[in-house]
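Chain by chain, the residues run as shown.
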Amino acid sequence: MMTTFTLSPSSTSMISPFIKTLKNPTKTLPHFKRSSTLTLSATLSTPTSTTTTSSLQKPVSDSVQTFWKWLKDEGVVSSKTPVKPAVVPEGLGLVAQKDLGRNDVVLEVPKRLWINPDAVAASEIGSVCSGLKPWLSVALYLIREKKKNDTSSWRYYLDVLPEYTNSTIFWSEEELAEIQGTQLLSTTLSVKDYVQNEFLKVEEEIIAPNKQLFPSPITLDDFFWAFGILRSRAFSRLRGQNLVLIPLADLMNHSSSITTEDHAYEIKGAAGLFSWDTLFSLRTPVSVKAGEQVMIQYDINKSNADLALDYGFIESKADRNAFTLTLEISESDPFFGDKLDIAESNGLGETAYFDIVLDHQVPPAMLQYLRLVALGGTDAFLLESIFRNSIWGHLDLPISRTNEELICQVVRDACKSALSGYHTTIEEDEKLKGEKLDPRLEIAVGIRQGEKKVLQQIDEIFKDRESELNELEYYQERRLKDLGLCGEQGEIIFWEPK
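Nothing here was measured: the structure is a model prediction, and the numbers come from that model.

**Focus on the overall build of the protein**
No. 1: Per the secondary structure count, the protein includes 17 helices and eleven strands.
No. 2: Within the protein, buried positions represent 52% of all 498 residues.
No. 3: The long-range fraction of contacts in the protein, counting pairs at least 24 apart against all pairs at least 6 apart in sequence, stands at 73%.
No. 4: Working note: accessible area of the protein is about 22,900 Å², and carbon and sulfur atoms make up 50% of it.

This is the structure we're talking about:
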């Protein structure tokens, strides 16, 4: 849910408020970043410290042991490998077999064991997938390999992948009802629509005409599985690699206490006794004791809504809570062309998105954009071409009482409208957080409480600004001072003729 509102320069009320879903799924979705390895038994809250051996008593499954043997046979791991898969609170993770120092190499995986668009291109379905988006071709490849069962060269890796995670794309209708009113719900529904539409196109254009390549039926549920795997496990920060699955490396879990994302490297090195290859080198960003879980930071800039959608967990840190305000210049605005030109000249557009983070100030550009959209009446002279190079600087400060009052009212009305869409209060959510909750309900409570706190914070900011309207210094007063025609207290200076 993105709160979108349009300002009318000739009115002091909000015009046609409405809720938008996703900015543009087709633009945002293909970008995959490092991910979670949550299994069916995974918990929701990510640990803030490493996990010790005391919580690692349960032996790994037969499929994980077989996966490890396969990696040994491929020359990827040995008895000297400093980490090993283990059962951890998150489900499955990598645990240090000895003390590791910061930036120590944890593992190295040769390119021949990467699953990426190059692997698809070299496969039997490479020719029919050449025109697809990279994530679609890899998703189709994963599904096809999974359905080949024991005949797939990737079977040992595919066997350790979860059937689903706690990502909101896998939630039931009843579970989704718990995030009613949230931006996360709207985004989740848009993502699901996007995946379904892509599946239908691939089914019609690729799968149906090539039954000999896809002998087993491929369903929408299969497609969601592949999308969830890629969304939660793919690496994207390697040179020339925007989407790649790295077996074993993707068992590395996330820690909120790690504040650097420097852990993945692409290097050249020995890939066997007599061969060299490009290697994926994974290093620990912090020192780790033997028996502790080796962890990384997935993405320091993602909000809790992003984490819930991509990986199926949230954090307790305040600055992971965010709310996106969507502002737009109305096409019916008599100054639409001028305002759009000014916005585009300053890196914005007809529609602008601003992420407000809990316990942070609103972005300065948001106030400038608000004042621009609200410009009208006696303030409209600032839209003339003579001010085109300086107006953005002027918009950094209050323009007029009318303009400032309008943006305060519109923002506050939008916040109240958004808050009315939730089915619980912050206080009710706080009580629930003290109980032992189902993992997905824990996410829901954390998300809706976080969003509401941000909305209340925004409302308070503009409420305080409303109370200061009479004390603020506006453009005309600043201009008169610059000309020496206004005193420090705002009084007009009259010059008597000699």
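**Some remarks on the pattern of salt bridges**
No. 1: Counted according to the given criterion, the structure contains 24 salt bridges.
No. 2: For the salt bridge of D333 with K339, the shortest nitrogen-to-oxygen distance reads 2.7 Å.
No. 3: With its nearest N and O atoms 2.8 Å apart, the salt bridge here joins D429 to R448. Taken together, the residues span a long stretch of sequence, with D429 in helix α15 (residues 426–433) and R448 in helix α16 (residues 439–467) at a distance of 19 residues. For the pair formed by D429 and R448, the shared burial category is buried.
No. 4: In this structure, a network of salt bridges that share partners links the residues E178, D429, R448 and K452.

**A word on unusual backbone geometry**
No. 1: In the Ramachandran plot, N149 falls in the positive-phi region, its phi being about 55 degrees despite a non-glycine side chain.
No. 2: Summarising the element assignment, N149 is placed in the loop between α5 (134–147) and α6 (155–158).
No. 3: Positive phi, close to 80 degrees, is recorded for L248, a residue that is not glycine.
No. 4: Tracing the sequence through the fold places L248 in the loop between α9 (220–233) and β6 (253–254).
No. 5: A relative accessible area of 0% places L248 in the buried class.

**A closer look at the packing of aromatic side chains**
Each pair of aromatic rings is reported with the distance of its centres and the angle of its planes.
No. 1: What the rule picks out here adds up to 16 aromatic pairs.
No. 2: Ring geometry for F67 and Y157: centres 6.1 Å apart, planes at 40 degrees, overall tilted. With F67 in helix α2 (residues 62–73) and Y157 in helix α6, the pair connects residues that are 90 residues apart, well separated along the chain.
No. 3: Y157 gets classed as buried once you look at its relative accessible area, which sits at 1%.
No. 4: An aromatic cluster is built from F67, W70, W154, Y156 and Y157, whose rings are joined through pairwise contacts.
No. 5: The cationic tip of K146 hangs over the ring face of W225; the distance from NZ or CZ to the ring centre is 4.1 Å.
No. 6: Here the guanidinium or amino end of K192 rests over the ring plane of F224, the centre of that ring lying 5.9 Å away.

**Description of the UniProt feature "binding site: substrate" (unreviewed entry) in the protein**
No. 1: Following the UniProt record, one finds the feature "binding site: substrate" (unreviewed entry) at R233, R237, D250, Y265, Y298 and Y311.
No. 2: Positionally, R233 belongs in helix α9.

**Digging into the nonpolar core**
No. 1: L107, W135, L140, F223 and L248 are the most contacted members of the largest nonpolar core, which totals 86 residues.
No. 2: Sorting elements by how many residues they give to this core places helix α8 (residues 183–207) first, with nine residues.
No. 3: With 41 residues, the next largest nonpolar core counts I329, L367, L370 and A374 among its residues.

Criteria and cut-off values
Residues numbered from 1 in each chain as written. Predicted model: local features only at pLDDT ≥ 70, side-chain atom pairs only at ≥ 80, totals over all residues. Heavy atoms only, no water. Helix = DSSP H or I, 4+ residues; strand = E, 2+ residues; numbered from the N terminus. Buried < 20%, exposed > 50% of the residue type's maximum accessible area, 1.4 Å probe, protein only. Contact = heavy atoms within 4.5 Å. Areas by Shrake-Rupley, 256 points an atom, 1.4 Å probe, with all protein chains shown as cover. Salt bridge = Lys/Arg side-chain N within 4 Å of Asp/Glu carboxyl O. Phe/Tyr/Trp six-rings, centres within 6.5 Å; stacked < 30°, edge-to-face > 60°. Lys NZ or Arg CZ within 6 Å of the ring centre and 35° of its normal. UniProt positions renumbered as here; feature names shortened; annotations may be inferred. Core = buried A, V, L, I, M, F, W, Y, C linked by side-chain atoms within 4.5 Å.

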